[in-house]
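Descriptive structure summary
Below, each chain spelled out in residue letters.
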Amino acid sequence: MLWSTGPNPHMGHLAWATAFVITADSVSMLSEACSTGKPVYVIGAERCTWKLADFHKSLQERGAVRPFTGEEDISESWSYPSLNDTAEAACRVVEALAERGWTLQP
């Protein structure tokens, strides 16, 4: 059953939020929230396996996430440069192609 035929409200939710509290197992939700530059708190990162642990460590080192313990004042505002790894990855692909003498046609 289709619930809605209108536009997906997800991007609007990201725009209107002032902070996010996200479970550690959702790489896509964490990535999308970190693309906003708004505070992102992570629940359960200490239970993650090595692959996810490296992902969380990277986000913490970039200042994009903080652990959620339940004692934070999530109304506290902090920020970081919005993460846009897709654009960075695309740039690296273009550079790698250019090193081989190839170019992309628009």
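These lines cover the structure that appears in this document, whether it is placed above or below.

Calculation notes
Residues numbered from 1 in each chain as written. Predicted model: local features only at pLDDT ≥ 70, side-chain atom pairs only at ≥ 80, totals over all residues. Heavy atoms only, no water. Helix = DSSP H or I, 4+ residues; strand = E, 2+ residues; numbered from the N terminus. Rg over C-alpha atoms; globule rule 2.2 N^0.38 Å. Buried < 20%, exposed > 50% of the residue type's maximum accessible area, 1.4 Å probe, protein only. Phe/Tyr/Trp six-rings, centres within 6.5 Å; stacked < 30°, edge-to-face > 60°. Lys NZ or Arg CZ within 6 Å of the ring centre and 35° of its normal. Contact = heavy atoms within 4.5 Å. Pairing = 2+ DSSP bridges. Axes fitted to C-alpha atoms, helices over the stretch in contact; angles between N-to-C directions.

Now for the overall build of the protein. Each helix and strand in the protein was counted, giving four helices and three strands. What you see in the protein, going N to C, is helices and strands ordered as α-β-α-β-α-β-α. For the protein, the C-alpha radius of gyration of 17 Å lies well beyond 13 Å, the compact-globule estimate for 106 residues. Within the span of the protein, comprising 106 residues, buried residues form 24% of the whole.

The next point concerns the packing of aromatic side chains. In total, this model carries three aromatic pairs according to the counting rule given. Arranged with centres 6.3 Å apart and planes meeting at 75 degrees, the rings of Tyr41 and Phe68 form a pair that is edge-to-face. On the criterion of sequence distance, the pair formed by Tyr41 in strand S2 (residues 40-43) and Phe68 in the loop between strand S3 (65-67) and helix H4 (85-99) is long-range, its members being 27 residues apart. What links up through ring pairs into an aromatic cluster is the set Tyr41, Phe68, Trp78 and Tyr80. In this arrangement the basic side chain of Arg66 is found over the ring face of Trp78, its NZ or CZ atom lying 4.0 Å from the centre.

Let us now look at the environment of Ile22. Relative to the assigned elements, Ile22 resides in strand S1 (residues 20-23). Measuring from C-alpha to C-alpha, the distance between Ile22 and Val40 comes to 7.3 Å, with 18 residues separating the pair along the chain. The contact partners of Ile22, leaving out residues within four places of it in the chain, are Met29, Leu30, Ala33, Val40, Tyr41, Val42 and Ile43.

A word on the sheet that holds S2. Read from one edge of the open sheet, three strands run S1-S2-S3, paired in parallel fashion. Taken across any chain shown, the strands that pair with only one partner, and hence form the sheet edges, are S1 and S3. Neighbour-to-neighbour, the strand axes of the sheet open up by a mean angle of 35 degrees, direction not taken into account. The sheet contacts of helix H2 (residues 27-34) involve S1, S2 and S3, and relative to S1 the element is tilted by about 160 degrees.

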